[in-house]
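The chain contents come next:
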2 protein chains.
Amino acid sequence: MPERLVVIGGDAAGMSAASQARRRRNRRDLEIVAFERGRHVSYSACGIPYWIGGEVARERDLIARDVATFADEYGIDVKTNHEVVGLDLSTRTVSVRQVDIGVIEPVAFDQVVMATGAVPVRPDLPGLDAPGVFGVQTLDDGERVRAAVDEGARRAVVVGGGYVGLEMAEAMARRGLEVTLVEAAPEPMSTLDTELGAMVREAMTGMGIAVRTGEKVVGVEVGQDGRAVAVRTADTSYPADLVVLGLGVRPDTALAAAAGLPLGETGGIRVDHRMRVLGEDGVWAAGDCVETRHLVGGHAVHVPLGTHANKQGRVIGINLGGGYATFPGVLGTAVTKVCDLEIGRTGLGEAEARRIGFQSVAATITSTSAAGYLPEPGSVTIKLVAERRTGRLLGGQIVGRGGAAKRVDVLATAITAGMTVEEMISLDLGYAPPFSPLWDPVLVAARKTAEAVESAEYRH
Amino acid sequence: MPERLVVIGGDAAGMSAASQARRRRNRRDLEIVAFERGRHVSYSACGIPYWIGGEVARERDLIARDVATFADEYGIDVKTNHEVVGLDLSTRTVSVRQVDIGVIEPVAFDQVVMATGAVPVRPDLPGLDAPGVFGVQTLDDGERVRAAVDEGARRAVVVGGGYVGLEMAEAMARRGLEVTLVEAAPEPMSTLDTELGAMVREAMTGMGIAVRTGEKVVGVEVGQDGRAVAVRTADTSYPADLVVLGLGVRPDTALAAAAGLPLGETGGIRVDHRMRVLGEDGVWAAGDCVETRHLVGGHAVHVPLGTHANKQGRVIGINLGGGYATFPGVLGTAVTKVCDLEIGRTGLGEAEARRIGFQSVAATITSTSAAGYLPEPGSVTIKLVAERRTGRLLGGQIVGRGGAAKRVDVLATAITAGMTVEEMISLDLGYAPPFSPLWDPVLVAARKTAEAVESAEYRH
């Protein structure tokens, strides 16, 4: 009898774990069953805004692999429309409900992977559940928003100015809607320090999106037919044919909590460096439902992102397959784009560093992403945060054009390596006129920050 | 009486040294005189192909700062058309010839910076000095090539398929010339391993450039008027109205050698980590005339590139100004572009690693520089070379489109930090559909190379 692995959740984390485990253990040794409550497995939720905006033509383009592929090529039995509603660790059984017909049946397992993902944050406000109010977490959500746009919605209000909010606002503006973005923080993209967030606001305004910051949403107004007609803030209300919630997500841990699995301060399932659920044997967890460690601050964080889900799933699959792999943690690296403005961030922001007790210095520079004598070199603004005294790079933020955002990868690598800004000055980065000025903006920022570190020392 | 600093050569290295020294020492403390034999200081030689190709409109756009700026803003006395023809370390005097009138006068110094740059490699072949054969090392060279193109040259032959050769071939093809590139190596861009060089050849051929590799130039044929009319190889000859030499450069050390300064195996002046000429007090050297250390192999290398010249000059200026700075060495990082094909490399190639005695494994992957479901995501090929047993990253090469080349900066940072390919797999690099697939190509390459490292171990 082969061992049986049950995977709960058929997206990035779960299917990566399943695929990697299969690479190392064959069917006679390990049976793999994955349960997914939705219609699809292994799709790109991050691609939804591009589908709604029209850059991606078809929903199925967002689906990396389908059920048949998993069955035929990997020998993984994927059951969509199957929701795991119970997890019993003493009997090592899950209870699985067939969504369409409602029948619940027990399935025994030897090993289990929790990959239940996240659920959108929906504050308890009047009208938020009304028709016309959409999340953008699943392909099904995306389909509903796209349908509403196709059916002629003219005015959209996006609540929340994080990545998803920004991308959705742009997507709908591309489709010709009149878009308002409402955000409680002083600037959109609150994972940036405010002076860089202001540059994002400007780009959005430039493409005709009305950006209302410092405004807290207090509810959604509904019409006589019960549909959403406006988003109400403390001061005013914004008419809407369509409301998109971009307030972020929280770990979906209903099943884990009921089974007594340990949850951390961020609400995510607690795992060790090999993605084993703490204190449980043969129970693994990965993706948007777990909390992980910040590589700079060491604190627990919840960073729901497909790239971590995928890496963590891979780590589980390797370990489960008898190999050895670890997931050390994250830097909170993120990149996105609003119109042609690129945004990147990694590590700690200045405010964030202060909040968790780092003494830091910061410097901001503006340069270009190509030689200044070429036509229209994109402007690039970089802010670096370094630890006082040591000069160790703690974080960086980039806003700019023409190849600005992915420069954040150099910062992420330098942070991971524990480099100081002084050391970074000597980095042998690529130079050619179409790609960089003689001093790459990253190096200019490192120089300025190293000078700030030096003068902070003189002052003490 | 202030100390006097004489800078020999007014381009990137020399003027960076001068400017940095000035930031730390005022005019009453340090007098700075820079001698430049050409007409211009502080210009971008790397920009010449873009000027010839028409992307840069005016020659003066390539000049970062002029003589008046240095005088007025920095208090640096720059003398163009002044060639230093002698250096006497016992009397601490340079002999300076005014190029226009031929008069030679002695100038005393306390400190001297050798920033004499490089001279084009010109093999001793018949016809190579004929009119119609051009280098592209200085703005004056560039002006001559541009004039020849403007005057109606129709056929150009570029000798040498390195960066400059490639960029010049493309520039002239843009201007409508019929261009042939002749290269002795099996593929253009011999700093890439051959399988990646083949991709470069394909891109060049695709834009109508005739690429003739494996052909050694034996001379230039001249017409009755003494002008170049064709480039002759062992087998055939290629008609040319215009011949551009892109055979690289060698350190210009005539002055240094005559003064008895130590030269290394690469022909460059030998300096220590603070850019002091070995064994000499108050004598500094930087830029294309020095040799430096390869950060991976530890061997001496000569890498003539403005970015190193600038950094090294800055190090001199800081040290000369009483501060402390070092230049650790280089990775040979380089990026360029042929049409829309981006090319990047850093560290050791596979053949190079073997040549200097590393045992290594390599892996090559092809991925995309954006999510696969977006329209036309650029293809990216990455080859990584890692040390056997340790898995330490030794080098990487990238050929691709849509943001491929500057990914080499992540590799350069990882190499500098001594990271292994296994460690790189966990790097928190930025992900969003317009910028990367869920697994950035760099991470895919790291995974594949880590697997190669692992299986190389099993085989032994």
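Since the model is a prediction, treat every value here as computed from it, not as a measurement. (Residues numbered from 1 in each chain as written. Chains lettered and ligands numbered in written order. Predicted model: local features only at pLDDT ≥ 70, side-chain atom pairs only at ≥ 80, totals over all residues. Heavy atoms only, no water.)

A. The arrangement of the overall build of chain A in detail. When its secondary structure is counted, chain A shows twelve helices and 25 strands. Whereas a compact globule of 460 residues would reach a radius of gyration of roughly 23 Å, chain A reaches 23 Å, a difference of no more than 12%. Principal axes of the C-alpha set define a box for chain A whose edges measure 65 × 60 × 40 Å. Counting only residues that meet the buried cut, chain A has 58% of its 460 residues in that class. Per element, the accessible surface of chain A, about 17,900 Å² overall, is 47% carbon and sulfur. (Helix = DSSP H or I, 4+ residues; strand = E, 2+ residues; numbered from the N terminus. Rg over C-alpha atoms; globule rule 2.2 N^0.38 Å. Buried < 20%, exposed > 50% of the residue type's maximum accessible area, 1.4 Å probe, protein only. Areas by Shrake-Rupley, 256 points an atom, 1.4 Å probe, with all protein chains shown as cover.)

B. Representation of unusual backbone geometry. All names here are of chain A. One non-glycine residue, R92, adopts positive backbone phi at about 50 degrees. Looking at where R92 falls in the secondary structure, it is placed in the loop between β4 (82-88) and β5 (93-98). In the Ramachandran plot, M275 falls in the positive-phi region, its phi being about 70 degrees despite a non-glycine side chain. Within the secondary structure, M275 is located in the loop between α7 (254-258) and β18 (283-285).

C. Molecular detail of the packing of helix α1 (residues 12-24) of chain B against helix α8 (residues 306-320) of chain B. Residues and elements named next belong to chain B. Axis separation between α1 and α8 bottoms out at 7 Å; the angle between their running directions is 30 degrees. With respect to α8, the element α1 is oriented roughly parallel. In this structure, α1 crosses over α8, and the sense of that crossing is right-handed. Here A12, A13, S16, A17, Q20, A21 and R24 of α1 come into contact with α8, specifically with G306, A309, N310, G313, R314, I316, G317 and I318. Its residues assigned to classes, the contact of α1 with α8 comprises seven nonpolar, six polar and two charged. (Axes fitted to C-alpha atoms, helices over the stretch in contact; angles between N-to-C directions. Parallel < 35°, antiparallel > 145°, perpendicular 65-115°, else oblique. Left-handed = near helix turned anticlockwise from the far one by under 90°. Contact = heavy atoms within 4.5 Å. Nonpolar A, V, L, I, M, F, W, Y, C, P; charged D, E, K, R; others polar.)

D. View of the environment of G329 of chain B. Residues and elements named next belong to chain B. Relative to the assigned elements, G329 resides in the loop between α8 and β21 (334-338). You can call G329 buried: its relative accessible area is 2%. When near neighbours in sequence (up to four residues on either side) are disregarded, G329 contacts T292, R293 and L295.

E. Molecular detail of the side chain of R407 of chain B. Residues and elements named next belong to chain B. Relative to the elements of secondary structure, R407 occurs in the loop between β25 (393-400) and α10 (408-416). Owing to a relative accessible area of 6%, R407 belongs among the buried residues under this scheme. Here D440 takes part through its side chain, which lies 2.9 Å from a polar atom of the side chain of R407. (Polar contact = N/O pair within 3.5 Å; in protein donor to acceptor, adjacent residues only side chain to side chain.)

F. Up close: the side chain of T413 of chain B. Position of T413 of chain B relative to the elements: it lies in helix α10. Relative accessible area serves as the criterion here: at 0%, T413 of chain B is assigned to the buried category. Contacts of T413 of chain B, omitting those with residues within four sequence positions, involve V410, T413, A414, M419, L427 and L429 of chain A.

G. How the structure looks around the nonpolar core. In this structure, M424 of chain A together with M424 of chain B are the most contacted members of the largest nonpolar core, which totals 82 residues. Each residue touching M424 of chain B, except ones within four places of it in the same chain, is listed here: L393, L411, A414, M419, V442, L443 and A446 of chain B. (Core = buried A, V, L, I, M, F, W, Y, C linked by side-chain atoms within 4.5 Å.)

H. Just the relation of the copies chain A and chain B, in detail. When chain A is brought onto chain B, the operation consists of a screw motion whose angular component is 180 degrees and whose axial shift is 0.0 Å, with 0.0 Å RMSD remaining. Such a turn and shift between the copies fits a two-fold axis. When C-alpha positions in chain A are compared against the rotation axis, the closest is assigned to V410 of chain A, at 2.5 Å. Of the interface residues in chain A, 100% have counterparts in chain B that sit at the interface too, so the contact is made through matching surfaces. (Least-squares fit on C-alpha atoms with pLDDT ≥ 70 in both.)

I. Just the environment of D252 of chain A, in detail. Residue and element names in this part refer to chain A. Structurally, the position occupied by D252 is in the loop between β17 (249-251) and α7. For D252, a relative accessible area of 12% corresponds to the buried category. Distance in space between the C-alpha atoms of D252 and D440 is 42 Å, their sequence separation being 188 residues. Discounting residues that sit within four places of it in the chain, D252 has contacts with R37, T116, G117, A118, V119 and C289.

J. Representation of the interface of chain A and chain B. Between chain A and chain B, the residue contacts involve 58 residues of the former and 58 residues of the latter. Across the interface of chain A and chain B, roughly 5,100 Å² is buried in total on both sides, 63% from carbon and sulfur atoms. In this structure, the connection of chain A to chain B is made through four salt bridges. Our enumeration of links across chain A and chain B arrives at 22 residue pairs in polar contact (both at pLDDT 80 or more). Only α1 (12-24), α8 (306-320), β21 (334-338), α10 (408-416) and α12 (441-458) of chain A provide two or more residues apiece to the side of chain A that touches chain B. Looking at side-chain class alone, the side of chain A that touches chain B contains 28 nonpolar, 16 polar and 14 charged residues. (Buried area = accessible area lost by both parts, 1.4 Å probe. Salt bridge = Lys/Arg side-chain N within 4 Å of Asp/Glu carboxyl O.)

K. Quick look at the pairing of strand β25 (residues 393-400) of chain A. All names here are of chain A. Of all eight residues in β25, eight are buried; the element is thus mostly enclosed. Across six bridges, the pairing between strand β22 (residues 341-347) and β25 is antiparallel. Residue pairing across strands places G344 opposite I398, the latter belonging to β25. Sheet analysis places strand β24 (residues 379-387) next to β25, joined by seven bridges and oriented antiparallel. Bridge pairing in β25 links L384 to G396. Where β24 hands over to β25, the hairpin turn is made up of five residues, of which R389 adopts a positive phi near 70 degrees. (Pairing = 2+ DSSP bridges.)

Any functional reading would require information beyond the geometric quantities listed.
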